[in-house]
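# Summary of structural features
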Amino acid sequence: MKYGAHLNYALRNINLTINPGEKIGIVGRTGAGKSSLAKVLFRLIHENTSGSILIDGQDISEFGVGDYRPRLGMIPQESTMLDGSVRRNLDPLQQFSAEDISGQQQLFGLCRVIMRKRKIVVLDEATANVDLETDRSVQELIRKEFSDCTVLTIAHRLETIMKSDRIIVMDRGAIAEIGTPQELLSKDGMFAQLVETSDFGQ
Ligand SMILES: Nc1ncnc2c1ncn2[C@@H]1O[C@H](COP(=O)(O)OP(=O)(O)O)[C@@H](O)[C@H]1O
Ligand SMILES: [Mg+2]
């Protein structure tokens with residue numbers, strides 16, 4: 001996948017099967033292609049692409065709008081408010097800056113997805129703007145609420161994805177490593193290095 005005919009590939013050679021109910025953690029440096037992977041899954045980008053994505057055996061390029069709704073939910077990296085009144089509900093006395101509220105917007109996004117009970121849920125750095133303590137409670141909530149769902153968690157903090165069934169390490173648009181946390185920790189690769197340095201390059 002490319003963002004433009006003249007641009008470099010944002011995703012290359014991705015060949016991957018995710019099982020129903022599996023919890024997948026996705027890590028990698030800024031620009032590695034994590035959000036792009038989420039975008040193609042939601043068909044937010046379909047120009048300059050090749051290959052196919054199947055959900056329950058059906059090619060998503062054949063999906064109508066109605067096919068997506070019961071299946072996928074995303075908490076995007078850039079979460080937006082639905083309505084001005086949501087902000088007023090959060091901060092009725094207008095005591096907080098937009099900065100103070102940014103993490104809360106993402107939690108609203110999370111609540112929307114939880115309520116709708118999607119089968120496949122993608123969290124794109126959904127807890128990047130909340131503190132560690134809140135992140136832990138949110139991960140706990142996700143494990144509980146989405147136990148039957150397939151969950152792809154793009155992580156800002158390593159701790160967030162350590163309990164995943166499998167972890168994908170993205171690098172320059174490709175899958176550099178994939179395996180259980182234990183498998184990846186026991187080989188001296190990128191993931192082991194990330195854990196050692198806790199460095200996501202951001
Ligand atoms: N809207 C866009 N237009 C052009 N290039 C983009 C756009 N969004 C992302 N890219 C490029 O695609 C690559 C992958 O980006 P992205 O998927 O956002 O990475 P990540 O989420 O891992 O930080 C990067 O080289 C980035 O600069
Ligand atoms: Mg991203």
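Residues numbered from 1 in each chain as written. Chains lettered and ligands numbered in written order. Predicted model: local features only at pLDDT ≥ 70, side-chain atom pairs only at ≥ 80, totals over all residues. Heavy atoms only, no water.

### Regarding helix α5 (residues 132–145)
With 14 residues, α5 extends 20 Å from end C-alpha to end C-alpha; this agrees with the ideal 20 Å at 1.5 Å per step. Three or more residues of α5 are buried, namely Asp135, Val138, Gln139 and Ile142. Take α5 and look down its axis: the buried residues cluster within an arc of 105 degrees, on one side only. Residues Glu133 and Lys144 are exposed on α5 and point more than 90 degrees away from its buried face. Backbone nitrogen of Glu133 and a side-chain oxygen of the N-cap are separated by 3.1 Å at the start of α5; the cap is Asp131. (Helix = DSSP H or I, 4+ residues; strand = E, 2+ residues; numbered from the N terminus. Expected span 1.5 Å × (residues − 1). Buried < 20%, exposed > 50% of the residue type's maximum accessible area, 1.4 Å probe, protein only. Arc of directions from axis to C-beta. Polar contact = N/O pair within 3.5 Å; in protein donor to acceptor, adjacent residues only side chain to side chain.)

### Quick look at the site of ligand 1
Lining the immediate surroundings of ligand 1 are Tyr3, Leu7, Ala10, Arg29, Thr30, Gly31, Ala32, Gly33, Lys34, Ser35, Ser36 and Lys39. A distance of 2.7 Å separates an oxygen atom of ligand 1 from a polar atom in the backbone of Gly31. Here an oxygen atom of ligand 1 and a backbone polar atom of Gly33 are 3.0 Å apart. Relative to its free-state accessible area of 560 Å², ligand 1 is covered by the protein chains to the extent of 59%. By residue class, the composition of the shell around ligand 1 is four nonpolar, five polar and three charged. (Near = heavy atom within 4 Å. Areas by Shrake-Rupley, 256 points an atom, 1.4 Å probe, with all protein chains shown as cover. Nonpolar A, V, L, I, M, F, W, Y, C, P; charged D, E, K, R; others polar.)

### As for the environment of Leu110
For Leu110, the position within the fold is in helix α4 (residues 98–116). Sequence spacing of Leu110 and Ala192 is 82 residues, and the spatial spacing of their C-alpha atoms is 29 Å.

### Considerations on the pairing of strand β8 (residues 174–179)
As paired elements, strand β7 (residues 166–171) and β8 share five bridges and run antiparallel to each other. Within β8, the position partnered with Ile168 by the bridge is Ile178. The hairpin turn running from β7 into β8, its antiparallel successor, is two residues long, and Arg172 in that turn takes a positive phi close to 45 degrees. (Pairing = 2+ DSSP bridges.)

### A closer look at the pairing of strand β5 (residues 120–124)
In terms of residue burial, β5 counts as a mostly covered element, since five of its five residues are buried. Where burial is concerned, the two faces of β5 agree: the one with Ile120, Val122 and Asp124 and the one with Val121 and Leu123 are both buried. With five bridges connecting them, β5 and strand β6 (residues 150–154) associate as parallel partners. Paired with Val122 across the two strands is Leu152, which belongs to β6. A crossover connection joins β5 to the parallel β6 through α5; in handedness this β-α-β unit is right-handed. (Right-handed = clockwise from strand over helix to strand, strands pointing away.)

### Here's the deal with the nonpolar core
Counting residues in each nonpolar core, the largest one holds 23 residues, and the members touching the most others are Ile26, Leu41, Ile55, Leu72 and Met170. Looking at which element gives the most residues to this core, the answer is helix α1 (residues 34–41), with four residues. In this structure, Met170 is in contact with Leu11, Ile14, Ile26, Val27, Gly28, Arg29, Ala32, Gly33, Lys34, Leu37, Ile175 and Ala176, ignoring residues within four places of it in sequence. Val113, Ile114, Val130 and Val138 belong to the second-largest nonpolar core, a separate cluster that totals 13 residues. (Core = buried A, V, L, I, M, F, W, Y, C linked by side-chain atoms within 4.5 Å. Contact = heavy atoms within 4.5 Å.)

### Some details on the confidence of the model for the protein
The share of residues in the protein with pLDDT of 70 or more is 90%, and the mean pLDDT across the chain is 84. No element of the protein has a lower mean pLDDT than helix α3 (residues 84–90), at 67, and none a higher one than β8, at 97. (pLDDT = per-residue confidence, 0-100.)

### Side note on the packing of aromatic side chains
Applying the stated criterion across every chain, the model contains zero aromatic pairs. Its guanidinium or amino end placed over the ring of Tyr9, Lys2 lies 4.5 Å from that ring's centre, counting from NZ or CZ. (Phe/Tyr/Trp six-rings, centres within 6.5 Å; stacked < 30°, edge-to-face > 60°. Lys NZ or Arg CZ within 6 Å of the ring centre and 35° of its normal.)

### Some details on the side chain of Thr150
Inspection of the secondary structure assignment puts Thr150 in strand β6. On the accessibility criterion, Thr150 (9% relative accessible area) is buried. In contact with Thr150, not counting residues within four places along its chain, are Ile18, Asn19, Pro20, Gly21, Glu22, Lys119, Ile120 and Val121.

### Describing the pattern of salt bridges
Summed over all chains, the structure comprises eight salt bridges. Here Lys144 ties to Glu145 by a salt bridge, and the two come within 4.0 Å at their closest N and O atoms. On the basis of relative accessibility, which here comes to 62%, the residue Lys144 falls in the exposed class. Given a relative accessible area of 25%, Glu145 falls into the partly exposed group. Asp171 is the salt-bridge partner of Arg172, the closest N and O atoms lying 3.0 Å from each other. What you see here is one network of salt bridges that share partners, running through Glu133, Arg136 and Glu159. (Salt bridge = Lys/Arg side-chain N within 4 Å of Asp/Glu carboxyl O.)

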